[in-house]
Amino acid sequence: MEKAGKDDKGASKNDPRERIVDALMALAAEKPWEEISLTDVADRAGVSLAQFRDFFPSKGAVLGGFSRRIDRKVLEGAASTDESAKDRLFDVLMRRFDAMAPYKAALKNINAWAMRDPLALPSLNQLALNSLRFMVEAAGLSSEAPLGALKLQGLALAWTHVFHIWLADDSADSSATMAALDRELARGETLVERAEEARRRLEPLAKPLIGLAERVFSAVARSR
């Protein structure tokens, strides 16, 4: 598993934003998320509450900063070009798990909080979508292709399922995680193919309806 490098730690010491992210993740590894106050994070990061507020409006926003840190580490890595789309995405997502490995204890506590607080799930889902959009592009795929939003949400659900398996996977080679990710991507590939086929079949039927709707809206607009 990849460990946090010296460059990360050096940047953390010099950048208050990074120190705040480091502080939150360190505290999250030590105690439940609900018990971490903004003052706790500010004190651990060596910043004032006023400075904290300048950089982040909430703990959730700091978690977003952590997610962007992980994205950056993955996106800076070399991408494979001579593999299938599924294999490229598999490699990118496994690199993401590797980048998250030093923070696994914190992520376990954060996940436990999310399971206790359903109101947190939409925000965490959006965080996952934001990251996965870039992971898909890093794998040489388009996140803006037809059915792109549907594909991303399906990938987010698959990622969440594998993430829970990864949290419990203590094997040296992450074998359980890799097997689960391979299954989910294979299943997703099949579902995407079916959705694409359905879209192709329905598109000729939808075009006349779209044209009719456009004419109706144009007529309404001219009558005003």
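Each remark here, short or long, concerns the structure printed above.
Residues numbered from 1 in each chain as written. Predicted model: local features only at pLDDT ≥ 70, side-chain atom pairs only at ≥ 80, totals over all residues. Heavy atoms only, no water.

Draft legend 1. Main features of the overall build of the chain. The secondary structure content of the chain amounts to 10 helices and zero strands. Ordered by position from the N terminus, the helices and strands of the chain form the series α-α-α-α-α-α-α-α-α-α. Buried positions account for 34% of the 224 residues belonging to the chain. A separation of at least 24 residues holds for 68% of the contacts in the chain among residues at least 6 apart in sequence. Only carbon and sulfur atoms are counted for the fraction: they give 57% of the accessible area of the chain, which is about 12,900 Å². (Helix = DSSP H or I, 4+ residues; strand = E, 2+ residues; numbered from the N terminus. Buried < 20%, exposed > 50% of the residue type's maximum accessible area, 1.4 Å probe, protein only. Contact = heavy atoms within 4.5 Å. Areas by Shrake-Rupley, 256 points an atom, 1.4 Å probe, with all protein chains shown as cover.)

Draft legend 2. Representation of the nonpolar core within the structure. Grouped together as the largest cluster of nonpolar side chains are 53 residues, with contacts concentrated most on Met25, Leu93, Leu107 and Leu132. Residue assignment for this core shows that the elements contributing at least two residues are α2 (16-30), α3 (38-45), α5 (59-75), α6 (85-100), α7 (104-116), α8 (121-138), α9 (148-168) and α10 (175-223). In contact with leucine 93, not counting residues within four places along its chain, are Leu132, Met135, Leu155, Trp159, Leu181 and Leu185. (Core = buried A, V, L, I, M, F, W, Y, C linked by side-chain atoms within 4.5 Å.)

Draft legend 3. The arrangement of the packing of α5 against α8 in detail. Between α5 and α8, the shortest axis-to-axis distance is 10 Å and the interhelical angle comes to 10°. Classified by the interaxial angle, the pair formed by α5 and α8 is roughly parallel. With respect to the hand of their crossing, α5 and α8 are arranged in right-handed fashion. On the side of α5, the interface is formed by Leu63, Gly64, Ser67, Asp71, Val74 and Leu75, while α8 contributes Leu124, Leu127, Ser131, Phe134, Met135 and Ala138. (Axes fitted to C-alpha atoms, helices over the stretch in contact; angles between N-to-C directions. Parallel < 35°, antiparallel > 145°, perpendicular 65-115°, else oblique. Left-handed = near helix turned anticlockwise from the far one by under 90°.)

Draft legend 4. Molecular detail of the packing of aromatic side chains. All chains considered together, the criterion is met by five aromatic pairs. Ring geometry for phenylalanine 66 versus tyrosine 103: centroids 4.9 Å apart, planes at 75°, classification edge-to-face. Linking phenylalanine 66 in helix α5 with tyrosine 103 in the loop between α6 and α7, this pair joins segments that are 37 residues apart in sequence. Taken individually, phenylalanine 66 and tyrosine 103 each receive the classification buried, so the pair is uniform in this respect. On the basis of an interplanar angle of 15° and a centroid distance of 4.4 Å, the ring pair of phenylalanine 97 and tryptophan 159 is categorised as stacked. Separated by 62 residues along the polypeptide, phenylalanine 97 in helix α6 and tryptophan 159 in helix α9 bring together distant segments of the chain. Its end group placed over the ring of tryptophan 166, lysine 104 keeps NZ or CZ at 4.5 Å from the ring centre. (Phe/Tyr/Trp six-rings, centres within 6.5 Å; stacked < 30°, edge-to-face > 60°. Lys NZ or Arg CZ within 6 Å of the ring centre and 35° of its normal.)

Draft legend 5. Focus on the environment of aspartate 15. Topologically, aspartate 15 is positioned in the loop between α1 (6-14) and α2. Of the polar contacts made by the side chain of aspartate 15, one reaches the backbone nitrogen of arginine 17; its length is 2.9 Å. (Polar contact = N/O pair within 3.5 Å; in protein donor to acceptor, adjacent residues only side chain to side chain.)

Draft legend 6. Broad picture of the side chain of threonine 177. Relative to the assigned elements, threonine 177 resides in helix α10. Taking the relative accessible area as the measure of exposure, threonine 177 reaches 0% and is therefore buried. Leave out the neighbours within four places in its chain, and threonine 177 touches Met94, Phe97, Val162, Ile165, Trp166 and Asp169.

Draft legend 7. Highlighting α5. The first and last C-alpha atoms of α5 sit 24 Å apart over 17 residues, in line with the 24 Å expected at 1.5 Å per residue. For α5, every residue scored as buried is listed here: Lys59, Val62, Leu63, Gly64, Gly65, Phe66, Ser67, Arg69, Ile70, Asp71 and Val74. Measuring from the backbone nitrogen of glycine 60 back to the side-chain oxygen at the start of α5 gives 3.4 Å, which picks out serine 58 as the cap. (Expected span 1.5 Å × (residues − 1).)

Draft legend 8. Inspection of the packing of α7 against α9 at higher detail. Packing of α7 against α9 brings their axes to within 10 Å, and their N-to-C directions diverge by 130°. Classified by the angle their axes make, α7 and α9 are oblique. At the point where α7 passes α9, the crossing takes the left-handed sense. Residues Lys104, Leu107, Lys108, Asn111 and Met115 of α7 pack against Phe163, His164, Trp166 and Leu167 of α9. Looking at side-chain class alone, the contact of α7 with α9 contains five nonpolar, two polar and two charged residues. (Nonpolar A, V, L, I, M, F, W, Y, C, P; charged D, E, K, R; others polar.)

Draft legend 9. Focus on unusual backbone geometry. The phi torsion at serine 174 lies on the positive side, around 55°, for a residue other than glycine. With respect to the helices and strands, the residue serine 174 is situated in the loop between α9 and α10.

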